[in-house]
Amino acid sequence: MATYKLQINGRSYEVDVEPDTPLLWVLRDNLGLVGTKYGCGIAQCGACTVHVNGNAMRSCVYPVSAAASAKITTIEGLSEAGDHPVQLAWDEVDVAQCGYCQAGQIMTATALLNKNQKPTAEEIDNAMNGNICRCGTYHRIREAVALAATKLK
Amino acid sequence: MSELTQESRRNFMKLFAVAGGGLVLGFNSTSSIASGLGLIDGSNLPAAAIDFNSYLSISPENIITILSPNPELGQNIKTSFPMIVAEELDADWTKVKVVQAPLDTNKFERQVTGGSGAVPHSWERLRKAGATARQMLMEAAAKRWNVSANSLSTENGMVVHATSDRKLSYGELAIEASKLPVPTDVKLKDNKDFKLIGTAVRNVDNHEMITGKPLYGLDVYKEGMLFAVIQRPEAFGMKLKSVDAAKAKALPGIVDVVTFGNNVAVVGKSTWQVMKARKELKIAYEPDEALESSADHDRLFKELLNSPEATVRRKDGDVEAAFKNAAKVIKSEYQCPFLSHSPMEPMNFFAHVRPDGVELAGPTQTPQRARDMVAKLLDIAPEKITLELTRLGGGFGRRLSADYVLEAAELSSIIKAPVKVIWSREDDMSGGTYRPAVRYRFEAALDAKGNMIGYKLRGVGINSGNPTREDNFPSGAVENLLIDSVEHKSPITTGPWRAPITNFLAFAEQAFLDEVAQAAKKDPVQFRLELLDKAKKTPVGEIKYDIDRMRGVIELASEKSNWGKKKGVHQGFSVYFSHRSYVAQVAEVKLVKSVPVVEKVYAAADCGIVVNLSGAYQQVRGGIVDGLGHAMYSKLSFKDGAVEQKNFNNYRLIRLKEVPEIDVHFVNNGIDPTGLGEPALPPTGGAVANAIFKATGKRLRNQPFMEQPELKGGKVI
C-alpha cells in the first residue's frame, strides 16, 4: 500500500492503495466517483474513459501510480451543472439507451473536440470507433458529436 | 372508449384499493447507492405526496410523481410507461417526476423485462391509472366551484372551467380529490386526442446518465459492504476438486476465501484487491460431465439432422407426396454459433442476509423470480426480502436468469456480511446463459409453375428447446408442411437471448425463402405476397400471425426503399413476425472494388401505437445494429467445455464505423401497442444476406458472415 495525491476534477484527493490499482477502481471504490464504468478491464470497450492531462485514457489499465502527477477529469468533472456542450448535445439527441457506456463515449468525444473543434465525419468515426455501445446507439453518437461541435464557444 | 376486460378492471381496482382513500406516503427511496452522492434518482421528491394509485401521486406543491415498476435496461420503459399515465392524466410533462419502483408484488404485477411485453401488458392499466385520477381531480374542482364536472376540462396539469375562466392546478386539488370515491368507469381518450403519446420524449434519466450519477448495480455501495469475485469452473462439465487459498488469503485487503458448490469466492475490501487475489488461488477441477467442443457440435448436428427420432412441431397435408411430385426441390442448411449476451455492465448483485431479513439490490430483468428463488434457497419467507431495482446496463436476456443473484445471497449468508459480487468481463463471457448453437435444414418443393407445394424444416440445437416457431409464416400458406426438431442436451448453459430463437431462425428462413423465390424465378417480395394471399384465401391449418399486418410492413418497406427500381445498389428483402409485432427490412449493398458493403437498411415496423417516437425509433435502429453486428462478427466457440473467447479482444461486437445508414418507418394503424424491444432484430440478417447474394451471387448460410469463405476479406462499413 502507498499514499497517492491525485488531482481530479480540480480537487485534491489522497488515497492509500496498492501501486498497481487501476485508476478506475480508485475512482469508484475509494473516491465514490462511479460515473466512470467498468466494462472489460483490458482497454477494449472504452466505458472507463477519463481525461489524463486532457487526453482520453482507459482508466481500467492506467495504474494509480502513474496518475499521481496528472490532471484528471472524469464525467463528474466535465461541468458543474451537466451543461458542457457535449452533455447538452447528448441530451438533445437523446443518445442513451441503457446508458452504461455513455459516460465513456462523452469523455472520448470531449477529448476529440478539445483538440479538433471542427471534426469531419470521418474524424468523428475514427475517434469514436474505440467505444463499444452494446445497445447500438452509434447513429446518435455520431449525430451528438457533430451537434456538440456546433455548440462549442 | 376502450373496452376493458372484467379481469383487467378487477386487477386495476385491486391495485387501487391498496392505496385508496388518500394515503399520505413519502417516496423515500431506500437506496444508499454511492453514499454521499445522492439517491438513484428522484432525489428531490416531495416529502409528502398524495397517492392516487400504485403508479401515481400528486403533491400539494404540484409535483406529479409516476412510479415506473419494470426493470429499465435500455428499452426506454422508464420514459414510456409514465408517458402513458401522464397522457390520460393530461399532466404537464415538465412537472412529472419519474421514480423507479422497487419490487412490490402487492402494488404491481409483471415487474419483468422480457418478451417485448411490458407496454402491451400494461397499456390499459396505465391509461386507467391516469384517467381515473384525472376524473377525481375534476370532481374535486366541480365540488369546490359548485359546478357540474361535465362543464370542466383539463389541460397541462390544470382543471379548467372555461365558462368562468377559472383554473386550478392538480396540486391544489390533490388533497380534496384523494378523498373522493374512486370512479369505476372512466372514459379513456380517443387516439386522435393524444398529445404526448406518439411524440419524441427524451429519456427521463438523461441528466443522471450524462453526468455520471450512480444508477446501475455496480454503482451500489452500502455501509460496511464487502466486495467479492467468484472463481467458477473454467469449463462446463467440470466440478471443483480442491482449493488452496493460502496465498490469496494472505494478500492485503482479503477478508476471506469461501467455497460453496463449485464456487470459490474471494471476499475483500475493494474490487481490485479481490480481483488480484483471485489470481493466486490454486484450484483443481475434475470432469463431472462431458467436456464438449464446438467440433463435437458440428458432428452432432449432422447426426441429429438425420435422426429418425424428432419431435413433430407441425404437420399439414402430405409432405412426402408433395416432394415426390415436385418439379423442383430446393434444400439448404443454415447454422449459427453460440452467442454471449455481453451487456456492457457485467453481472453483479448486492446481498445482505441478516437474521431478520434479506436486502437485495442490483440489475435484474425478473426481480420477483430472483426474490422467490433467494427465498427458497435461504428458506425464508419472500416477504422478508426487499429488492431494490437499479437501472440495468443492458440485459439482452442474460438478466432473466437469477444465478448471479442467488450466488450473492448465498455468499452473504455464509460470510454474514453485506457483499457485492462482481463478475469480471471474462467471468461474464465464460459463465453465460448463451444463445444456443442451432442448425436448420430447409426443403421446399415447387410445382411446374413455381408454386411452393411442400415445405420441410428440421431444427436441431444444443440446449435449444424447440428451435422452430412452427406456426410462423410460411406455415398456413403451404398445403404440405412438416416442421420438427431434435435437441441435444449439453452441460453448456443456454437461455433466452434477445428475440430468442427468432434471432437466428428469421435469418435462416428469410434467406431460404429468397432461395426458393429465385428457383421459382419470382421477385422475392412478390413471392412473399403471393404466399400471404394464399394464406388469406385458402388457409392451411391454424394461422397465428396477422396476414394484413405482415402485408402492411412488406408494402411500406417496399415503397420506402423503392424496391426493385434502384440502379447501382443491390437490395435484399426480409420480413418477420415476432413478439406480436411485424418488421420488414430492405438492405442495400454496393460493391466497392468487388467487396460487398452494406450501405443502408430500410425498416418498416408495425408495433401498433408508437408511445415514444424517440425511444421507438432507437429501438428499431438499435435492434438492426444488434442483428447486423451479431450476424456479421460474433461467435462463441468451445474447446473441452471452456469458451474460447473471454473478452472483447476476440469476441467481436459491432463498432461505430461498421453501422450502415438506417431509415425507420412505422405503420400507423392505431391498434394498441404490441411491443418493440425485440422485433426489429430478427429480420436484419436475412435482408443483408439476401442483398449480398444479389451483389455477389454468393449465399451466406452460416454465421458469423465474416468467417464464411464466401466473404473472406469482405467488409461492412
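Residues numbered from 1 in each chain as written. Chains lettered and ligands numbered in written order. Predicted model: local features only at pLDDT ≥ 70, side-chain atom pairs only at ≥ 80, totals over all residues. Heavy atoms only, no water.

You'll often see interface size given as the accessible area lost when the parts meet. Listed per partner, the contact involves 50 residues of chain A and 63 residues of chain B. Put simply, chain A and chain B have six salt bridges between them. Notably, a salt bridge pairs A:Lys37 with B:Asp219, separated by 2.7 Å at the nearest N-O pair. Broken down by element, the residue count for the side of chain A that touches chain B peaks at five residues, all from helix α6 (residues 138–151) of chain A. (Contact = heavy atoms within 4.5 Å. Salt bridge = Lys/Arg side-chain N within 4 Å of Asp/Glu carboxyl O. Helix = DSSP H or I, 4+ residues; strand = E, 2+ residues; numbered from the N terminus.)

The next subject is the domain arrangement of chain B. Residues and elements named next belong to chain B. Each assigned domain of chain B is listed with its residue range as follows: domain 1 (6–208), domain 2 (217–288 + 347–422) and domain 3 (310–338 + 434–711). Placing a centre on the C-alpha atoms of domain 1 and another on those of domain 3 gives a separation of 40 Å. Each partner contributes to the interface: domain 1 provides 22 residues, whereas domain 3 provides 19 residues. Between domain 1 and domain 3 lies a buried interface of about 1,400 Å² when both sides are counted; carbon and sulfur atoms form 55% of it. When the area that domain 1 buries against domain 3 is broken down by residue, the three leading residues are Ser116, Pro120 and Trp123, summing to 35%. Run the count over domain 1 and domain 3 and you get zero salt bridges. Viewed at the interface, domain 3 and domain 1 are joined by 13 residue pairs in polar contact (both at pLDDT 80 or more). Broken down by secondary-structure element, the contributors of at least two residues to the side of domain 1 that touches domain 3 are α2 (77–89) and α3 (118–145). Counting residues per element, the side of domain 1 that touches domain 3 draws most heavily on α2, which supplies four residues. (Domains from an automatic or database assignment. Buried area = accessible area lost by both parts, 1.4 Å probe. Polar contact = N/O pair within 3.5 Å; in protein donor to acceptor, adjacent residues only side chain to side chain.)

This part takes up the UniProt feature "domain: Aldehyde oxidase/xanthine dehydrogenase a/b hammerhead" (unreviewed entry) in chain B. Sequence positions flagged by UniProt for "domain: Aldehyde oxidase/xanthine dehydrogenase a/b hammerhead" (unreviewed entry) are, in local numbering, residues 211–289 of chain B. Overall, residues 211–289 of chain B shows 15% helix and 41% strand. The separation of its end C-alpha atoms is 48 Å. (UniProt positions renumbered as here; feature names shortened; annotations may be inferred.)

Further remarks concern the nonpolar core. Core analysis: the biggest nonpolar cluster contains 173 residues, and A:Trp90 and B:Met452 have the highest contact counts within it. The biggest single contributor to this core is helix α13 (residues 502–519) of chain B, with 11 residues. Other than its neighbours up to four places away in sequence, B:Met452 contacts B:Ala444, B:Ala445, B:Leu446, B:Pro474, B:Val478, B:Leu513, B:Val516, B:Phe527 and B:Leu531. In this structure, B:Val96, B:Leu173, B:Ala177 and B:Val201 belong to the second largest nonpolar core, which totals 49 residues. (Core = buried A, V, L, I, M, F, W, Y, C linked by side-chain atoms within 4.5 Å. Buried < 20%, exposed > 50% of the residue type's maximum accessible area, 1.4 Å probe, protein only.)

Before going further, it helps to examine the packing of aromatic side chains. Residue and element names in this part refer to chain B. Under the criterion given, the structure shown has 23 aromatic pairs over all chains. On the numbers, 5.6 Å between centres and 80° between planes, the contact of Tyr334 with Phe507 is edge-to-face. Of this pair, Tyr334 sits in strand β15 (residues 328–336) while Phe507 sits in helix α13, and the two are 173 residues apart along the sequence. The exposure class of Tyr334 is buried, given its relative accessible area of 0%. When the centroid spacing of 6.0 Å and the interplanar angle of 45° are considered together, the rings of Tyr440 and Phe442 count as tilted. By relative accessible area, which is 0% here, Phe442 ends up buried. (Phe/Tyr/Trp six-rings, centres within 6.5 Å; stacked < 30°, edge-to-face > 60°.)

How two helices sit against one another is set out by the angle between their axes and by the gap between those axes. All names here are of chain A. Contact geometry for helix α3 (residues 85–93) and helix α4 (residues 102–115): axes closest at 9 Å, N-to-C directions at 130°. Overall, the two elements α3 and α4 adopt an arrangement that is oblique. Relative to α4, the crossing made by α3 is right-handed. For the pair α3 and α4, the contacting residues are Val86, Gln87 and Trp90 in the first and Gln102, Gln105, Ile106, Ala109, Thr110 and Leu113 in the second. A per-class count over the contact of α3 with α4 returns five nonpolar, four polar and no charged. (Axes fitted to C-alpha atoms, helices over the stretch in contact; angles between N-to-C directions. Parallel < 35°, antiparallel > 145°, perpendicular 65-115°, else oblique. Left-handed = near helix turned anticlockwise from the far one by under 90°. Nonpolar A, V, L, I, M, F, W, Y, C, P; charged D, E, K, R; others polar.)

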